[in-house]
Amino acid sequence: MSLKSMSAATHIPVLLNETIEALVVQPGGRYIDCTLGGGGHAAAILERSSPGGQLLGIDADPEAIKIAETRLEAYKDSTLLINENFANLQAICLKYDFLPVHGILFDLGLSSLQLNSNSRGFSFQHDTPLDMRFSPSQEVTAADIINTFSENELAQLIKVYGEEGYSRQIAHHILRERPIKTALHLARVIEQTIGSRRGKIHPATRTFQALRIAVNRELEHLEAALKQAINLLGCEGRLVVISYHSLEDRIVKQLMKQESRGCICLPNTPVCVCGHTACLRLVNKKVITPASTEVQLNPRSRSAKLRAAERITTQEEYYQTTELDIKAGGWRRPALLRKLQVTFSSLQSN
Ligand SMILES: C[S@@+](CC[C@H](N)C(=O)[O-])C[C@H]1O[C@@H](n2cnc3c(N)ncnc32)[C@H](O)[C@@H]1O
């Protein structure tokens, strides 16, 4: 089987060597893979961190957890695989006492296994129900959105999350065609609206991206999880994020940039009033993208962008609780610790 045809059946990890290098994986290290998927990156992390390495793998999709369990069988004593949303990262780590860690990876989006599944509705090439949920425990499906949103709401969603220039026309046509129950039906409606070819991408690509982001609240969860991830890293721990579209990448870039700066007061503020301190160092000033050879072998990797940052705060500063830190971000580690203390003392007094 060629690598190209393999990518349809399995998931080929993207930017694998670059990820391992950016995470500085070392024997005995403790790592979190927040997007376990088929376990490709996780297997490489476990291999490099052996002997003594530990990996916490998280995925919202129970099928991904099952596949990764089989793939990582050889490392079962060093892995903890959890079927959860990474938006709950901090709670998971506290529950399993898995902190601080040497590195945290997010390889965003969906895996080839999900894309090629004939029951999930992620691909416009399959006649499958319009579902698009990462987890069956989520309530809202893509069909719910397509068949209940107003024309204006749909147009906005497709414009903002899909960065689609023809959002109004597509929304208008969707309303005329409702009910739309399958991915193929929706793809046809979009093709009829804006034509069948648009450069290299399928005309439905942007609308499908918008729906997937909305169904899984992807941007919200990403932002929340990145903030928690920073707090879980030990000193010099690495945060590595691979994103696949500009909306995700913007969130990663802005947060890393902000947290690698000291004062974040507005320009021209005469004296610093924010009290913000840097807690990250950018590892790669320029984003890392796959080489053309990787894109040829795995076309799915073509839009990947890897950003990495290192936690720089010392362990001592890390555990200090100051009012300034709480005001500055509200989510910095001291603030989280304060919250936990409060919760704990109220539990004890009950
Ligand atoms: C690109 S795949 C990861 C592939 C993996 N790195 C590998 O090498 O096999 C992304 C995975 O992240 C999961 N995912 C996306 N958003 C998530 C979230 N908010 N919480 C947990 N898992 C999520 C998806 O279910 C999918 O399995």
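Keep in mind the model is a prediction, meaning the values are calculated, not measured. (Residues numbered from 1 in each chain as written. Predicted model: local features only at pLDDT ≥ 70, side-chain atom pairs only at ≥ 80, totals over all residues. Heavy atoms only, no water.)

Draft legend 1. Seen up close, the confidence of the model for the chain. The predicted model of the chain averages 87 in pLDDT, with 86% of residues at 70 or higher. Per-residue pLDDT, averaged within each element of the chain, yields its smallest value for helix H16 (residues 323-328) (41) and its largest for helix H2 (residues 16-23) (98). Per-residue pLDDT stays below 50 along residues 1-8; that stretch engages in 11 contacts with residues further than four places along the chain or on separate chains. Here residues 318-350 is a poorly scored stretch, pLDDT under 50, and it has 47 contacts once near neighbours within four places are set aside; other chains count. (pLDDT = per-residue confidence, 0-100. Helix = DSSP H or I, 4+ residues; strand = E, 2+ residues; numbered from the N terminus. Contact = heavy atoms within 4.5 Å.)

Draft legend 2. Just the site of the ligand, in detail. Taken together, 24 residues surround the ligand, and among them His41, Asp59, Phe86, Asp107 and Gln114 come closest. A distance of 3.2 Å is found between an oxygen atom of the ligand and a backbone nitrogen or oxygen belonging to Gly40. Within the backbone of Ala60, a nitrogen or oxygen atom sits 3.0 Å from a nitrogen atom of the ligand. Starting from 600 Å² of accessible surface for the ligand in isolation, the protein chains cover 98%. Of the residues that constitute the shell around the ligand, the class distribution is 8 nonpolar, 11 polar and 5 charged. (Near = heavy atom within 4 Å. Polar contact = N/O pair within 3.5 Å; in protein donor to acceptor, adjacent residues only side chain to side chain. Areas by Shrake-Rupley, 256 points an atom, 1.4 Å probe, with all protein chains shown as cover. Nonpolar A, V, L, I, M, F, W, Y, C, P; charged D, E, K, R; others polar.)

Draft legend 3. Looking closely at the environment of Val295. In this structure, Val295 sits in helix H14 (residues 292-297). Separated by 280 residues in sequence, Val295 and Leu15 place their C-alpha atoms 9.9 Å apart.

Draft legend 4. Quick look at the sheet that holds strand S2 (residues 54-59). Sheet architecture is open: 7 strands sit in the order S3-S2-S1-S4-S5-S7-S6, paired in mixed fashion. In the strand order of this sheet, the two ends are held by strand S3 (79-83) and strand S6 (280-282), each with one partner. This sheet shows a mean twist of 15° between the axes of neighbouring strands, independent of strand direction. (Pairing = 2+ DSSP bridges. Axes fitted to C-alpha atoms, helices over the stretch in contact; angles between N-to-C directions.)

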